[in-house]
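Here is what each chain is made of, one letter per residue.
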Amino acid sequence: MPDVAADSAASASGGALVPFVPDTEIAVVYPLHHGLKPPITRVSISWARGNNLRVSLLRNPPYNSDSDGEIGGKVVEVNLDSGAADVRESVQWRRIAYGSVTPFALLQSRKNSASSLSKLQSSPSPFHLDWWEHVMEYSKDIKELLGNPKSNYDPLIEDPKEVLKKGEEPTSLKAAWELMEMFYADKLCQSWLPERLVDWLADYDCLLSGDQPTVHSKLVEFQGTLVTLQVIEDDPKYWEVISSALAIGWLEIVVKLLRLHGSYQLDQLGHRETENGLVETVAVLISMMPRFRPELKNGKLGECFEAKPDFMKAWEKWREQITKLDSSAFWVPCHHRQTREGLKNLIQIMLGNTKILCTATAHWIELYISHFLFIRPFTAGLEGMYNLAQKCVQMKPMSSPHKLLRLIIGIIGENTEVVLAECSRGFGPWMVAHAIELLTARSDQADILLHKEHDDIGGISMEELHRLVYAQVLTSHFLTWQIAPVYLTSCMKQGMSLLEFLLYRQPAQHNQLLLKNLEICRLYELDHVSSNIMKVYEILKRILDFIYQMNTPSLVSLSSANSLPVAFVDSET
Amino acid sequence: MEKSVATLDEGTTCTSWNYCGQRLATGSFNGFLSIFDSPDPASSSFTATSKIRIHEGGIVKIVWIPPEYGDAVACICNDGSLSLWEEIAEDGQPLQWKLCETFHSKGSTVLEAQFGVIRTSLKMVVAYSDGHAKVYELLDPFELKNWQLQAEIQNVIDSVSTFGKASCFSASISWNPQLNESQEPSFVLGFNSDTPQLNSSKVWVFDQAHHRWIPVAELALPLDKSDQVFAVAWAPNIGRAYELIAVATHKGITIWHVRLNPDLDGRLSLEKAALLSGYEGEVWQMEWDMSGMTLATSGTDGMVRLWQSNLNGAWLEQAAFEPTS
Amino acid sequence: MAITNLPKTPKIHRIPQPKFIDAIRWLSSPSPFQKSFITSLYDSDFHTPSLEIHSLDPSKTLTTALFSWTPPSRISSLKSTPSLFAASTFLGSLHIFKTPEEMSVLGNDMSDLGSKTSDMEPVVSVVGREFHVGSVGGVDLMEGGSECVSVGEDGRVNLVDERGDFRRVFDGNGLVSYSAVKWASPSEFVTGGCGFGLQWWDLRKSGAAVAQFKGNWDHGTTSGIIHSIDIHPSRKHTCLAGGSSGTVFAWDLRRQQEPMILSSIGSSDTMTHPLSESEVWEVQYDCYTKSLNSNISSSRILPAMISSEDGILAVIGQGEEPTELLAEPCAINSFDIDCQNPSDVICSLEWESIVILSRP
């Protein structure tokens, strides 16, 4: 489906960090392959299920019945939507569609009961969860659909040279969902958002390597050459990837790489004692890095401090230790130039040297993360985060930013319309319809914006519009059309009418489908629709009555007046 | 992106899908009516299951009758006749297509016919080459033979205007696809003719009190009133306060907002919401999707185009498809 | 619902499938550790139906199908016995296969199975408009018997023998339609159709049904179609039927006018809370659930399992609180209780997945 919100984003983001290219006046032209011998003299169109368009392409009829032996035309069906970006397999997409029904319906029913409850009592009940907590439950269910969490399975014998662990292939759908969850719904991580972003980048940096390299892609590349390297510390690449990994806070990888340093080898220890001492000291310092966050996942390095004063104290002390090491006398007897320079570089990163951080990182988001870690750990508030992002984008400009990066800018720029537009453009109707719940979880402002009724789109809100658009995507497939009613009935103004049109367009001559239609009518109390469906069906009875007049069989009493005459007679010849 | 759902015989001149897109009727230059079916509703592969010759000349257009009235089609042939064909079983025979009724008119030919279901009654508007249109009503829902002429109208907003003998090349009719039974039946009618007064699209509403059809709105700005109309399409309304009607002329496609509640003069309030350009030639066909949010069009340039409004109410071409072999 | 009736909840394994599942049946297997089942699938991307045999190891993981066959259209009904299974189609054909065990493939060398899919071919195929016009509503194979009965939406009742010849028992000429059938004895079977109608046929008395029943408790307000029938070998005079409006009832030939309703929204006298309000797609006697009431008289209805359009899989007994085994957000199209190990139930869900329940 063409994105409904893209144009409004273009106007809403005037003067923004990453200016949107407004939708060009000229629409994209797609080829429509038919395999007929030209010329095509007539093209006729008809909407099929949902967003499927059937196009009949007709050739000129032969003159004077002179056949040229060609077929006369083709009917082709074009599907105009993709349910969700990144999901190439239709099976996988349907699984997401099925799986999101229950969490969505549950959240809507909670919303309804919460609103009816708030009408009854003025103060919120202490026995009930805050709304954002319900949204977080919903978010957890949705995230599970988008990919399983990385397995914590650790092999018994760990490969010392395996720097990057292979986890599941992350999807940008999940990456985008997590971004919105952390900024809009998860109240608990608001005090440590920068560190939360560090975690996010650790999971999804690999998605950003497209035309531009990332720290992740550098590491993957280096990992490939690792086995062939004889003297690892002589290779400038070794020091380069270590500083890159350190810059974005992948501490355990840094420490692991440092301990591959040749000076750790038993036969070398004797004559490289000082050198080894320096490497180990840096590794220890790195693993002791104070982190301004409540906790770290198993196996992650650093020391956590939740209270700002405690963190401050630890941070100062840590920096003092680094400075002391930097000016220590042990560097003089360290004769291995690459080691000396490499370690010094790491020290500069830890001390927050902007220039070196800039060299060590590839994308602006990586530079951004390194700022949080080593320069401005107290960056708080979206305004501060936005200003910092602006600075990083200036230092590392990109010609065509990744859709996830555009989404981040929209989020920290506090522009809900841009976020919606980016969601719609980059991640498809499924994402928008479901992520709206995150956007409105804690923000009254977003709530007002999304529920404001727009005259130009027929008097519905953005929330309703995006649900209708998604429901129509669902109706495009014969296996998912029957879950569209769940979304349509959550649309206050136009959902029920669209549902009626949808039911009216379902084929009535097939038993199973007919019963499904009647079941949907029963669930949503659409008695007038079911009587119409029955009427369409009853027309077949007329045919039967005719036969009845012609020859009265012995068992006619079995066919009761109310029964469904089943005359699905295919005219196969 | 595209997949083939049916292959058509040589000489096919027109195609038409039924209400649920599960049956396809095609007509040919030598008068054959073919019906295509799929093995089950999940499948989208259609093959011809019956083929009969209904006319000596060519079939120009096929329209399915609404499903409440059975499996039946109206066929307009190149001699200007209109005939109704129904699939029925007789004498214990399997289902067959049988002729129910033929509509002839002296001195003029049928250009277009469309069906509307309003409060359990089936109506048919037929437009003729002399600029007249007739509204028929089906008397017995089980007898597609029994049609009663309800009204004969001339597509002018002002009944006193006079003009000579009209000659029309094509006509476009679109019923208000309402599900809401409380509304009065209405349709929009436009002509492509040599008579300026007839051309512009008019919205016709049935006046229950006086039992007659009255033109309540003219969908054209003063300067465009004589423009020949190539196609009209009334959008499904799932809850808008106004109706959306698309009208195609040589100037482009105009999207009209029509407010249903008439003002004191009995006229509907009109607003020209957009003029979509991009077509080089004539628009052949316009089809609204189920939600009334997307308009699909085809035309003499062979392109299929999709149009949508954005949140600011600006209509844009969202995508286009160019047939290639 | 009294889920607490059971001491422990069943173990539930969900196996998502890339295709829509029309029907599913267990196949008998020589080893309790290597179970297998047959399923009829529909690939919505390529619009192709298939009939596949899968094996299930104790970890309940599915690998490649052992056997596969492409039917002419989607499968409308599927039944299995230890030696044979039969599948009917929407296009009116019937196909009978020998089970892999019967072909003595399983139980011999299993080593090369599971890595690739072998083709299987029906031993009997009946096609053509003389047989059925339109969808075959139901088929049933007689346990150890030689004939397969098929009923259709066209109102025809046919018997197919092992050579593939068929004979017409009755032709309703499209005035009636049948959607379910079940053998009661080698010469008797019961059919079900519209208007909650059941017909008892005796092959020794040709021409018409020997007894018939029409449930009118919905007063003609619903579709009233019987979707599934079961008859217990120990009580051949009683027929269990499930259909529209959550209706499950037993019809005893000896008391033809007094059906015993187990669940229904149409009847207020039997239960206050019906188990389901929508279509009951499948009913089967559940020999695993022991009736709480020790008084097992022959007039008492044995516990029965049902699955429904609104996602319920449950066991109901006469005068007892039903036990809900599954409550899914989508329809449970079909299920089968393993006759060798009745604690195991396999179900097919509308949302393209298989669920296996192992009851404690």
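Above: the structure in question.
Here the structure is a predicted model, which means the values were calculated and not measured.

Undergrad: So what exactly am I meant to see when it comes to the interface of chain A and chain B here?
TA: Interface size is commonly expressed as the accessible area that is lost once the parts come together. On the chain B side, the residues contacting the 87 residues of chain A number 83 residues. Carbon and sulfur atoms make up 62% of the surface buried where chain A meets chain B, a total of about 8,000 Å² over both sides. Scanning the region where chain A abuts chain B turns up one salt bridge. Of the charged contacts in the structure, one is a salt bridge between Lys3(B) and Glu77(A), with a shortest N-O distance of 4.0 Å. At the boundary of chain A and chain B, one finds 27 residue pairs in polar contact (both at pLDDT 80 or more). Of all the secondary-structure elements, those providing two or more residues to the side of chain A that touches chain B are α1 (6-12), β1 (28-33), β2 (40-47), β3 (52-59), β4 (73-79), α19 (462-475), α21 (495-504) and α23 (527-550) of chain A. Here the element with the most residues in the side of chain A that touches chain B is α23(A); it accounts for eight residues. Its residues placed into classes, the side of chain A that touches chain B shows 44 nonpolar, 26 polar and 17 charged.

Undergrad: What exactly am I supposed to notice about the pairing of strand β21 (residues 247-252) of chain C here?
TA: Regular strands have side chains that alternate between both faces of the sheet. All names here are of chain C. When you tally the buried positions in β21, you get six out of six residues, the bulk of the element. Side chains Thr247, Phe249 and Trp251 project from β21 onto one buried face, and the interleaved Val248, Ala250 and Asp252 project onto a second face that is buried too. Where strand β20 (residues 238-243) and β21 come together, six bridges link them in antiparallel fashion. Paired with Leu240 across the strands is Ala250, a residue of β21. Connecting the antiparallel pair β20 and β21 is a turn made up of three residues, with Ser245 showing a positive phi of about 55°. Examined bridge by bridge, β21 and strand β22 (residues 260-263) share three bridges and lie antiparallel to one another.

Undergrad: Help me understand unusual backbone geometry, please; the structure alone is not making it clear to me.
TA: The phi torsion of most residues other than glycine is negative, and most of the peptide bonds are trans. Residues Pro38(A) and Pro39(A) are joined by a peptide bond in cis, for which omega reads 5°. Along the polypeptide, Pro39(A) turns up in the loop between β1 and β2. Even without being a glycine, His211(B) presents a positive backbone phi close to 55°. Position of His211(B) among the secondary structure elements: in the loop between β16 (202-207) and β17 (212-218). On the basis of relative accessibility, which here comes to 52%, the residue His211(B) falls in the exposed class. The residue Glu352(C) is not glycine, and still its phi comes out positive at about 50°. Note that Glu352(C) resides in the loop between β28 (344-349) and β29 (353-358). In this structure Glu352(C) comes out as buried when scored by relative accessible area, which is 2%.

Calculation notes
- Residues numbered from 1 in each chain as written.
- Chains lettered and ligands numbered in written order.
- Predicted model: local features only at pLDDT ≥ 70, side-chain atom pairs only at ≥ 80, totals over all residues.
- Heavy atoms only, no water.
- Contact = heavy atoms within 4.5 Å.
- Buried area = accessible area lost by both parts, 1.4 Å probe.
- Salt bridge = Lys/Arg side-chain N within 4 Å of Asp/Glu carboxyl O.
- Polar contact = N/O pair within 3.5 Å; in protein donor to acceptor, adjacent residues only side chain to side chain.
- Helix = DSSP H or I, 4+ residues; strand = E, 2+ residues; numbered from the N terminus.
- Nonpolar A, V, L, I, M, F, W, Y, C, P; charged D, E, K, R; others polar.
- Buried < 20%, exposed > 50% of the residue type's maximum accessible area, 1.4 Å probe, protein only.
- Pairing = 2+ DSSP bridges.

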